[in-house]
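As a plain string of letters, each chain reads:
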Amino acid sequence: MEEIIGVRFNSAGKAYYFDPCGLRLSIGTMVVVETVRGIEVGTVSIPNREVESDDIKVPLKKIIRVATESDKKQLEENAQKEKEAFAIASEQIKKHGLEMKLIDVEYTFDHSKILFYFTADGRVDFRDLVKSLASIFKTRIELRQIGVRDEARQLGSIGICGRCLCCSTFLDDFRPVSIKMAKEQGLSLNPTKISGVCGRLMCCLQYEQAAYEDALKTMPQKGSAVETIDGTGVIVETNTLKQQVKVKMDDVEGHKTEVYKVGEFNIIGEAPTVSLDEVRLKKEQESAPVFPEPKIIEEEPPVPEEPENRPMRIKKKSPSKRRRGQQKRRSGDKPEPAGSGPDTKPPVKKRIKRAPKKPQSGE
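In the annotation of an unreviewed UniProt entry, the entry for the protein reads Stage 0 sporulation family protein, and the organism field reads Candidatus Monoglobus merdigallinarum.

Right, dumping it as structure tokens:
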């Protein structure tokens, strides 16, 4: 076990553990401590207590002293210097034409460093700006880009509830918030109604989420079919905090809705249910008498008789002229010349008349 004291450096910042060094301090006491950034002044938010050694990082930094009047006066001087540094840094940002919004300026207690907090849509090349600020203030300069939630915490404002922002008053850390929480709590999903001044989902959605999760375990889903003393119906609306449901039922005159508490109805079908007709049909089928199924005797199909073996007639095709000629050439016969045949007449021989011989001379 280790004895610790929790110190907070902002009104709504995280509490850090320090070694009290034998001091007994109460909540609200200002102390001077040594941190990673140097010497700083903080306020005690957790009095002396003992915690497990596994829950802390040892060795713990020690508390130097309780803040004196001179320390408090120096804090006031630092606050005045921070306002002057803010004006100078804003002019330098405009001079360099950087797309960034300066949020806050913080001096360390020993003036060893000045921290400038800003917001921007993307990454910003501020190397030239750091050189300009270092030449003006003659000390170490550190620029830190923060998100919109941290911006709302440092600037502070009033929420839609009429009270100061939770993040700037008592929240020590940002917890994840999802749209599922708004659905389970039955809130309107209009972004303007469930978003804070930072543009993100309101942190207060996290406060009652555990209670809603426990209550939803006993609540039926919307659209489930239920059976009540007035008849069967479908759940059309649920009220988690009151543990009530609104059931829509069919009447002789039309549709009617009734409100029942959890335990005054029985769930017939889980959501989503199509209609009440299907619910009634399912109920009638369950209450109808069950008759034994008739036995079906399976008979073997008749075997078809085999046809008698009859010789098949094969129709021979007459060979074509070209094929006939090929068959004759194969058998050694020459094809008949054109114009020959039994029906053709023999050619007529023409007689050639010769001239008479001339008598020879000397006869």
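Read on for the rest.
### A word on the packing of aromatic side chains
Tallying each qualifying case throughout the model produces four aromatic pairs. Note on phenylalanine 9 and tyrosine 16: the rings are 6.1 Å apart at their centroids and 45° apart in plane angle, and the pair reads as tilted. Exposure remark for phenylalanine 9: the relative accessible area of 23% places this residue in the partly exposed category. Assessed through its relative accessible area of 42%, tyrosine 16 is described here as partly exposed. Judged by centre distance (6.2 Å) and plane angle (45°), the rings of phenylalanine 116 and phenylalanine 137 are tilted. On the criterion of sequence distance, the pair formed by phenylalanine 116 in strand 7 (residues 113-119) and phenylalanine 137 in helix 2 (residues 127-137) is long-range, its members being 21 residues apart. This pair shows no difference in class: phenylalanine 116 is buried, exactly as phenylalanine 137 is.

### Structural notes on the UniProt feature "coiled-coil region" (unreviewed entry) in the protein
According to UniProt, the "coiled-coil region" (unreviewed entry) feature falls on residues 65-92. In residues 65-92, helix accounts for 86% and strand for 7%; the two terminal C-alpha atoms are 38 Å from one another.

### A few points about the nonpolar core
One finds Met100, Phe116, Leu133, Phe137 and Leu143 to be the most contacted residues of the largest nonpolar core, which totals 17 residues. Taken together, the elements giving at least two residues each to this core come down to helix 1 (69-96), strand 6 (101-107), strand 7, helix 2 and strand 8 (140-145).

### Comments concerning the pattern of salt bridges
Enumeration over the complete set of coordinates arrives at nine salt bridges. Where lysine 113 meets glutamate 142, a salt bridge forms, and the shortest distance between an N and an O atom there is 3.2 Å. Here lysine 113 is found in strand 7, whereas its partner glutamate 142 is found in strand 8, with 29 residues between them in sequence. With a relative accessible area of 8%, lysine 113 lands in the buried category. Assessed through its relative accessible area of 22%, glutamate 142 is described here as partly exposed. Between arginine 127 and aspartate 125 there is a salt bridge; the shortest N-O distance is 2.9 Å. Exposure remark for arginine 127: the relative accessible area of 59% places this residue in the exposed category. A relative accessible area of 49% places aspartate 125 in the partly exposed class. If you follow the salt bridges from partner to partner, you end up with Lys113, Glu142 and Arg144 in one network.

### A short note on unusual backbone geometry
At lysine 138, a residue that is not glycine, the phi angle is positive and equals roughly 55°. Within the secondary structure layout, lysine 138 lies in the loop between helix 2 and strand 8.

### Quick look at the layout of surface pockets
Each pocket or cavity is described by its volume, and for the largest pocket that value is around 1,600 Å³. In terms of lining, the largest pocket is formed by 46 residues, of which the most central are Phe9, Asn10, Tyr16, Arg37 and Glu40. For the lining of the largest pocket, the secondary-structure elements that each account for two or more residues are strand 2 (16-18), strand 3 (30-35), strand 4 (38-51), helix 1, strand 6 and helix 3 (148-155). Element by element, the count of residues in the lining of the largest pocket is highest for strand 4, at five residues. Tallied by class, the residues present in the lining of the largest pocket amount to 21 nonpolar, nine polar and 16 charged. Roughly 440 Å³ of internal volume is contained in the second largest pocket. Along the walls of the second largest pocket sit 22 residues, with Gly159, Cys164, Leu165, Cys166 and Cys204 positioned nearest its centre.

Cut-offs applied
- Residues numbered from 1 in each chain as written.
- Predicted model: local features only at pLDDT ≥ 70, side-chain atom pairs only at ≥ 80, totals over all residues.
- Heavy atoms only, no water.
- Phe/Tyr/Trp six-rings, centres within 6.5 Å; stacked < 30°, edge-to-face > 60°.
- Buried < 20%, exposed > 50% of the residue type's maximum accessible area, 1.4 Å probe, protein only.
- Helix = DSSP H or I, 4+ residues; strand = E, 2+ residues; numbered from the N terminus.
- UniProt positions renumbered as here; feature names shortened; annotations may be inferred.
- Core = buried A, V, L, I, M, F, W, Y, C linked by side-chain atoms within 4.5 Å.
- Salt bridge = Lys/Arg side-chain N within 4 Å of Asp/Glu carboxyl O.
- 1 Å grid on protein atoms, 1.4 Å probe; cavity = no way out; pocket = protein on both sides within 12 Å on 5 of 7 lines; lining within 4 Å.
- Points joined across faces, edges and corners; volume = space filled by probe spheres on them.
- Nonpolar A, V, L, I, M, F, W, Y, C, P; charged D, E, K, R; others polar.

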